[in-house]
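# Commentary on secondary and tertiary structure
Below, each chain spelled out in residue letters.
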Amino acid sequence: MSRNQGTNRKGKPSGRGQQSGAKKNSSRGVANSNTKSFARGNAPVKKISSNQKASNPDEIRLNKYVANSGMCSRREADVHIATGLVTVNGVVVTEMGYKVKPGDEVRYDGSRINPEKKAYVLLNKPKGFATTTSEGKGRTVMDLVANATSSRIKPIGRLGRNSKGLILFTNDETIVNKFTNSKNGVPRLFHIELSKNLKLEDLKKIQAGIKVEDKLITVEEISYIEGASKKEVGLKIKNTGNNIIRTIFEHLNYDIVSLDCVAIAHLTKKDIPRGHWKHLTEQELNSLKML
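Keep in mind the model is a prediction, meaning the values are calculated, not measured.

Criteria and cut-off values
- Residues numbered from 1 in each chain as written.
- Predicted model: local features only at pLDDT ≥ 70, side-chain atom pairs only at ≥ 80, totals over all residues.
- Heavy atoms only, no water.
- Helix = DSSP H or I, 4+ residues; strand = E, 2+ residues; numbered from the N terminus.
- Areas by Shrake-Rupley, 256 points an atom, 1.4 Å probe, with all protein chains shown as cover.
- Pairing = 2+ DSSP bridges.
- Patch = residues over 30% accessible without salt bridge, like charges linked within 9 Å, V, L, I, M, F, W, Y side chains within 5 Å.
- Salt bridge = Lys/Arg side-chain N within 4 Å of Asp/Glu carboxyl O.
- Lys, Arg positive; Asp, Glu negative; His and termini not counted.
- Charge placed at Lys NZ, Arg CZ, Asp CG, Glu CD.
- Buried < 20%, exposed > 50% of the residue type's maximum accessible area, 1.4 Å probe, protein only.
- pLDDT = per-residue confidence, 0-100.
- Contact = heavy atoms within 4.5 Å.

### A word on the overall build of the protein
In terms of helices and strands, the protein carries eight helices and 17 strands. Put simply, the protein shows about 19,100 Å² of open surface, and 46% of that area lies on carbon and sulfur atoms.

The structure is reproduced here in structure tokens:
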């Protein structure tokens, strides 16, 4: 190549290099004036709408909530939600992405549902424990079943602090309704010791039904305890509270010295020492559901 290659015949630069450089400079100039720089420190920032709320980890999608309750699959839950069979806090919800918050009451076809695993715990309560889920009440039955399950179980019915015997805990609303349904209910058998002998005429009054403050109180059965004094009786009743039992005997001028729930339907205290609990067997649960 000759020394003059790249220049014109007069020895002047051809201008091609200058023209090319000019174009490059021009191009850079345009780029700098009309486009944004993405150099580090000037990267675009994604704006978050002020209306956009952070996700709550305790919330759960409605279809998953229904499916986790064991009612159906998640796909079937979508159908049930769309057809208006699911309510949240009494309001029909058909929105698929709706999220259930802690404490919300969800019902499927009128029945309350819970996504937690169903648990059924039978406790043999000792004296000195209150039947309540409230805090600040001293020792409660919830302290005794604290390690039984991670599900949020509650006691069905009540036994007074100085009463003892069986209490069933569950988070299954269907079972709870069996106990609280006034038409059917579930019988509980109590061993009761009175302050004095129960007169036969008073026993017959209780058998026939007693009217207290214009309200008729009936029991399933009542009888003396075989081999014991007339102070001790067995009483079977479907009411879930023990206050009704005290009302019966106080109306007839008897004080209750001891009250012990010895059976709930077919469930007994066998193999459950005082202060201990057990999970219901599948057979025991199936028998309970059939009542």
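### Examining the sheet that holds strand S5 (residues 106-108)
Strand order in the open sheet made by the four strands is S3-S2-S5-S6, with antiparallel pairing throughout. In this open sheet, the two strands that pair with only one neighbour each are strand S3 (91-92) and strand S6 (111-112). Looking at chain direction, S5 and S6 are connected through two bridges and run antiparallel. Counted as the bridge partner of Tyr-108 is Ser-111 from S6.

### Topic: a positive patch on the surface
A surface patch of positive charge is lined by Arg-61, Lys-64, Arg-74 and Lys-99. For Arg-61, the location among the structural elements is in strand S1 (residues 60-61). Its relative accessible area of 37% is what places Arg-61 among the partly exposed residues.

### Some words on the confidence of the model for the protein
When pLDDT drops low, the exact placement of atoms in the prediction is not to be read closely. Per-chain confidence: the protein averages 83 in pLDDT, with 81% of residues scoring 70 or above. Of the regions scoring below 50 in pLDDT, residues 17-33 engages in zero contacts with residues more than four places distant in sequence or in other chains.

### Some points on the pattern of salt bridges
Inspection of the entire model under this criterion finds eight salt bridges. The salt bridge partner of Glu-116 is Arg-152, with a shortest N-O separation of 2.7 Å. Here Arg-152 lies in the loop between helix H4 (141-144) and strand S8 (154-155) and Glu-116 lies in the loop between S6 and strand S7 (120-125), a separation of 36 residues in the sequence. A relative accessible area of 59% places Arg-152 in the exposed class.

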